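Spelled out, the chains give:
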Amino acid sequence: DAGVIQSPRHEVTEMGQEVTLRCKPISGHDYLFWYRQTMMRGLELLIYFNNNVPIDDSGMPEDRFSAKMPNASFSTLKIQPSEPRDSAVYFCASRPSVAPKQFFGPGTRLTVL
Amino acid sequence: GQQVMQIPQYQHVQEGEDFTTYCNSSTTLSNIQWYKQRPGGHPVFLIQLVKSGEVKKQKRLTFQFGEAKKNSSLHITATQTTDVGTYFCAERRYNQGGKLIFGQGTELSVKP
């Protein structure tokens, strides 16, 4: 099993540009989570999906952020337009419905200049 | 905001010394999970505690859940350089898809 796959691993962009982060969860996992990690705010849940349906997006900071899960093996987190304060490491995690353990991907380190 | 408080924020120890991090909540926790994140890495699940007063051990690591289910601790005996990283506690919200509410983490550095 390859684990949770995220791409890109690093992204450097300029303020105002659109950024798309990608995630492939572990096959068979029903839940997918997007987290953001910063020094100031720690690890924060942005949104999670169950069976490809967004369930709780209360952590999404503002309308510039959107997330989709078109199928069980792919999810995207989009920021448009990006701002310097969006700089962070974004983690995707997945878990099966029958187990409490979340499996995290390697993360995408985003830098917005 | 954070509803699970974790202390200390940083801990520097000499190799061989013990280490403890504490997680506290003002409300009763349904359960507590612990994760370890190595520098530059991603969080990795260590354990979940569910029962009041529960104690679990993994080699040199001892995890405890308080009797009132409002606090938890992770204790490492005789630290090694491989223990370096940030340790997070997290409450798993059963009725919210199992989403995790993380503490701020304790960063452990071990001097050889």
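Heads up: the structure comes first, above all this text.
Keep in mind that what you see is a predicted model, and the values were worked out from it rather than measured.

Student: What's the story with the overall build of chain A in this structure? I'm lost.
Tutor: Secondary structure assignment for chain A yields 0 helices and 11 strands. C-alpha atoms of chain A, sized along the principal axes, occupy 40 × 25 × 25 Å. Contacts in chain A between residues at least 24 apart in sequence constitute 53% of all its contacts with a sequence separation of at least 6. A total of about 5500 Å² of accessible surface is found on chain A, and carbon and sulfur atoms cover 51% of it. Looking at chain A, you have 12 positive and 12 negative side-chain charges, and the mean spots of the two groups are 5 Å apart.

Student: How should I be thinking about the side chain of Gln37 of chain B in this particular structure?
Tutor: Relative to the helices and strands, Gln37 of chain B resides in strand β4 (residues 32-37). The class of Gln37 of chain B is buried, set by a relative accessible area of 8%. A distance of 2.9 Å separates the side chain of Gln37 of chain B from the side chain of Gln37 of chain A, its partner in a polar contact. Beyond its immediate sequence surroundings of up to four residues, Gln37 of chain B is in contact with Gln37 and Phe91 of chain A together with His42, Pro43, Gly85, Thr86 and Phe88 of chain B.

Student: What is the right way to read the pattern of salt bridges from this model?
Tutor: In a structure, side chains of opposite charge can pair up when their charged atoms sit close to one another. All chains considered together, the criterion is met by 12 salt bridges over all chains. One salt bridge in this structure joins Lys56 of chain B and Glu54 of chain B, with 3.6 Å as the shortest N-O distance. Connected via shared salt-bridge partners are Glu62, Arg64, Glu83, Arg85 and Asp86 of chain A.

Student: Which parts of the structure should I look at to understand the nonpolar core?
Tutor: What tends to happen in soluble globular proteins is that the nonpolar side chains get buried as a cluster. Of all hydrophobic cores here, the largest spans 21 residues; its most connected members are Trp34, Leu77 and Tyr90 of chain A. Within the residue set of this core, elements represented by two or more residues are β3 (19-24), β4 (31-38), β5 (42-50), β7 (65-71), β8 (74-79), β9 (88-95) and β11 (108-112) of chain A.

Rules of the game
- Residues numbered from 1 in each chain as written.
- Chains lettered and ligands numbered in written order.
- Predicted model: local features only at pLDDT ≥ 70, side-chain atom pairs only at ≥ 80, totals over all residues.
- Heavy atoms only, no water.
- Helix = DSSP H or I, 4+ residues; strand = E, 2+ residues; numbered from the N terminus.
- Contact = heavy atoms within 4.5 Å.
- Areas by Shrake-Rupley, 256 points an atom, 1.4 Å probe, with all protein chains shown as cover.
- Lys, Arg positive; Asp, Glu negative; His and termini not counted.
- Charge placed at Lys NZ, Arg CZ, Asp CG, Glu CD.
- Buried < 20%, exposed > 50% of the residue type's maximum accessible area, 1.4 Å probe, protein only.
- Polar contact = N/O pair within 3.5 Å; in protein donor to acceptor, adjacent residues only side chain to side chain.
- Salt bridge = Lys/Arg side-chain N within 4 Å of Asp/Glu carboxyl O.
- Core = buried A, V, L, I, M, F, W, Y, C linked by side-chain atoms within 4.5 Å.

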